[in-house]
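Report on the structure
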Amino acid sequence: MIAIITISLLLLLMMFDPAHAKEPPIQTFTSYTDPLPLHPGQITNSWHKIVLPTGPIAVYSFEADIVSKTKKGKVIPVPISDAYLHHHVIYSNYSSSSSSLTTTHRHHGHHSPPDKSDGIAHNVGFGAGTESRGTPQQFPYPYAFLTVDGEDEWTANVHVINTRGMEREKAYRCVECPCHETSSKIDDEQGWGYCNRQLLGENNTSCAAESYVGGLRCCEDGDFCLDDDELDVEGPVSTYYLRYVITYSRVTRENKPLELAACCDASGDLEKEGNIEYDVPQCDYPGCVHALSTIQYLHGEASQDRFSETFNTTAEEETGPKIVDVVYAVGHLHRAGMEMSLYDDITGELICRSVPRYGKSDAETAGDNYVGDELGYIVAMTPCVFDPPLRMSTDHPLRVLSVYNATRGHTGVMGLFYIAISDVKVDDEALKVMARQSRRRAGAAGRVLFRLFFYCTIVSLAGFYMYRKYGQRLRYLIIPRDDTFVDYY
């Protein structure tokens, strides 16, 4: 009884200890998208609402993978070789989102890229492909993506191709989304003209409707990745889910809000945001590579309409570049990718080299070790975490390098960098408001805990008093009256 009282008092003291209040505890939240039912070879490139803990919250990491569920609800991780996660991209479309601390939305009247819906009102928070299971995107405290009061969901674009049961080589071809008779039709209305000078000089087949042979535009929601005669299109339906796991805390005044930089897409340049994808032409000799190199500003206007927004300025401020902290960077490549590298184009210094790890396990022999090490697929990318961060201007030129093995040709590959940045000049008043809102919500939960511990303590004290006064009589009443009777005193 004394132990119960002691524990209760210690927990109460911890609740009010300033050391515990300074850095709020990190919590984990796991949830799932709606079901993704797919026939063999079928594609989903669909939009989903994903729920969040009640905000405001500070999100320090995001991890995602494809899973299935048994009839009893048991969650089973799905191999990449069964459900190929081409990409997931997480957006906030909340009208008063946390970027009001640092950014304001600009509407651009031209084509939305293939991975962005016209209805999305705010910037990307997270995104990855097959590497997402092995490469959670995570940031050092106090840097975090922040939500605001009332923002209890995000929007996810989820692109998955069902290759379950396919022979390995057929699956490899399927996930590159070759155009065929029954795939979505390519036309000029979908928007072109985003390729950089190198790709145009090479007459890259991804840059124009008349030469397009495979990629995102032939990989729309409901399509099949190959012709009907190569697939059992009426075969059994496999139902998948995107599982996402975030770590978060309540917002504090020490938090520094993150945004996604407009850079970098290796298919773009200083004037063009990029085509998102390009084709790797097959070379004439074994072991050769295709290297795509370009220059983009860290947060240049050419790319802001795709992934992010322009940093906020007031009437009193002079428009122009801003100073930001670069906190995190990681590359995104497809099969046959060899490296994504980022250089300071002024000094030539290597800022980040992100290389893939390929799975080495065969499904027939690896058993339980197969998921996360699938043969021939990218299962992780090396991230670059800058702690302390790199400080630079948003108009700083960066050289982007994307390298692929070109022994075979590949369609619809990507060479992207995900870069998280934080504006050095943050609206302190807005952050204080968010922190107060977050504390109020945390305080409500704390008051519930306080009442719980208070009542537990009262009950414990009352029990201890009853024990001291009536304990002997109570014990005597329950002791058996026979030869095994033992006097406990």
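These remarks concern the structure in this document. (Residues numbered from 1 in each chain as written. Predicted model: local features only at pLDDT ≥ 70, side-chain atom pairs only at ≥ 80, totals over all residues. Heavy atoms only, no water.)

1. Let's talk about the overall build of the protein
This is how the line gets drawn: Numbering of helices and strands starts at the N terminus; helices are DSSP runs of H or I of at least 4 residues and strands are runs of E of at least 2. Each residue's exposure class comes from its accessible area (1.4 Å probe, protein chains only) as a fraction of the maximum for that residue type: buried when under 20%, exposed when over 50%, partly exposed otherwise. Whether two residues touch is decided by their heavy atoms; if any such pair falls within 4.5 Å, the residues are in contact. Each accessible area value is a Shrake-Rupley result obtained with a 1.4 Å probe; residue values ignore everything except the protein chains displayed when judging cover.
Looking only at helices and strands, one finds 7 helices and 26 strands in the protein. By residue count, 52% of the 489 residues in the protein fall in the buried class. For the protein, the share of sequence-separated contacts (at least 6 apart) that also reach a separation of at least 24 residues comes to 84%. Roughly 23700 Å² of accessible area belongs to the protein as shown, and the carbon and sulfur atoms make up 54% of that amount.

2. Focus on the pairing of strand E4 (residues 57–69)
Formally: If DSSP finds at least two bridges between two strands, the strands pair.
The element E4 is largely enclosed, with a buried count of 11 among its 13 residues. Of the strand pairs in this sheet, E4 and strand E10 (residues 143–146) are connected by 2 bridges, and their pairing is antiparallel. Counterpart to Val59 in the pairing with E10 is Phe145. As paired strands, E4 and strand E5 (residues 75–77) are joined by 3 bridges and run antiparallel to one another. Residue Lys69 lies in a different strand from E5, and its bridge partner there is Val75. Linkage of E4 to E5, two consecutive antiparallel strands, is achieved through a turn of 5 residues, within which Gly73 is found at a positive phi near 90°.

3. Overview of the sheet that holds strand E18 (residues 323–333)
To summarise the sheet geometry, strands pair through backbone hydrogen bonds and adopt either a parallel or an antiparallel arrangement. Spatial strand order, E14-E26-E18-E23: 4 strands in an open sheet with antiparallel pairing. The strands lining the two open edges of the sheet, one partner per strand, are strand E14 (259–260) and strand E23 (384–393).

4. Structural notes on unusual backbone geometry
Geometrically, the link from Tyr141 to Pro142 is a cis peptide bond, its omega value of 15° lying close to zero. As for its placement among the helices and strands, Pro142 is situated in the loop between strand E9 (137–138) and E10. A positive phi angle, close to 55°, is found at Cys177, a residue other than glycine. By secondary structure assignment, the location of Cys177 is in the loop between helix H3 (168–174) and helix H4 (197–201).

5. A few points about the packing of aromatic side chains
For clarity, the threshold we go by: Here a pair means two rings of Phe, Tyr or Trp (six-membered ring of Trp) with centres within 6.5 Å. Their orientation is stacked below 30 degrees between planes, edge-to-face above 60, and tilted elsewhere. Lysine NZ or arginine CZ positioned within 6 Å of the ring centre and within 35 degrees of the ring normal marks a charge as sitting over the ring.
According to the stated counting rule, one finds 14 aromatic pairs in the structure shown. Between the aromatic rings of Trp47 and Tyr91, the centroid separation amounts to 5.8 Å while the plane-to-plane angle is 35°, which identifies the pairing as tilted. Note that Trp47 is positioned in strand E3 (residues 43–51) and Tyr91 in strand E6 (residues 83–91), a separation of 44 residues in sequence. According to the relative accessible area criterion, Trp47 is partly exposed, its value standing at 35%. Seen from their ring centres, Tyr328 and Tyr418 are 6.0 Å apart, and the 85° between their planes marks the pair as edge-to-face. With Tyr328 in strand E18 and Tyr418 in strand E26 (residues 415–423), this residue pair connects regions lying 90 residues apart in the sequence. The structure contains a cluster of three or more aromatic residues connected by ring pairs, namely Phe62, Phe126, Phe139, Phe145, Trp154, Tyr244, Tyr328 and Tyr418. The ring centre of Tyr32 lies 4.2 Å from the NZ or CZ of Lys69, which sits over that ring. Here the basic side chain of Lys69 rests over the ring of Tyr241, its NZ or CZ set 4.5 Å away from the ring centre.

6. Brief notes about the side chain of Glu176
Operational definition: Residues scored as positive are Lys and Arg, those scored as negative are Asp and Glu, and His as well as the terminal groups of each chain are ignored. Salt bridge, as applied in this entry: a Lys or Arg side-chain nitrogen positioned within 4 Å of an Asp or Glu carboxyl oxygen.
Relative to the elements of secondary structure, Glu176 occurs in the loop between H3 and H4. Summary of buried charges: Glu176 has no salt-bridge partner, and the nearest side chain of opposite charge, Arg335, is 4.5 Å away. Apart from residues no more than four positions distant in its own chain, Glu176 is found in contact with Gly214, Gly215, Arg335, Gly409, His410 and Thr411.

7. What to know about the pattern of salt bridges
Scanning the entire structure with this criterion turns up 11 salt bridges. The partner of Asp82 in a salt bridge is Arg164, and the shortest N-O contact between them spans 3.2 Å. Of this pair, Asp82 sits in the loop between E5 and E6 while Arg164 sits in the loop between strand E11 (153–162) and H3, placing them 82 residues apart in sequence. Taking the relative accessible area as the measure of exposure, Arg164 reaches 34% and is therefore partly exposed. Residue Arg133 is joined to Glu374 by a salt bridge in which the shortest nitrogen-to-oxygen separation is 3.7 Å. With a gap of 241 residues between them, Arg133 in the loop between strand E8 (124–128) and E9 and Glu374 in the loop between helix H6 (363–366) and strand E22 (378–381) connect regions that are remote in the sequence. For Glu374, a relative accessible area of 0% translates into the label buried. Here the salt bridges do not stand alone but share partners, grouping Asp65, Arg133, Arg243 and Glu374 into one network.

8. Some words on the nonpolar core
Heads up, the condition is: To qualify as a nonpolar core, a set must consist of buried Ala, Val, Leu, Ile, Met, Phe, Trp, Tyr and Cys residues joined through side-chain atoms within 4.5 Å.
Counting 68 residues, the largest nonpolar core has Phe62, Phe126, Leu298, Leu342, Phe417, Tyr418 and Ile419 as the members making the most contacts within it. For this core, the element with the highest residue contribution is E18, accounting for 7 residues. With near-sequence residues (within four places) excluded, Leu298 lies in contact with Ala261, Ala262, Cys263, Val324, Val326, Met392, Ser393, Thr394, His396, Leu398, Ile419 and Ile421. The next biggest cluster of nonpolar side chains, apart from the first, holds 18 residues, and it includes Ile161, Cys219, Phe224 and Tyr377.

Honestly, that's just the spatial picture; any functional story needs more than this.
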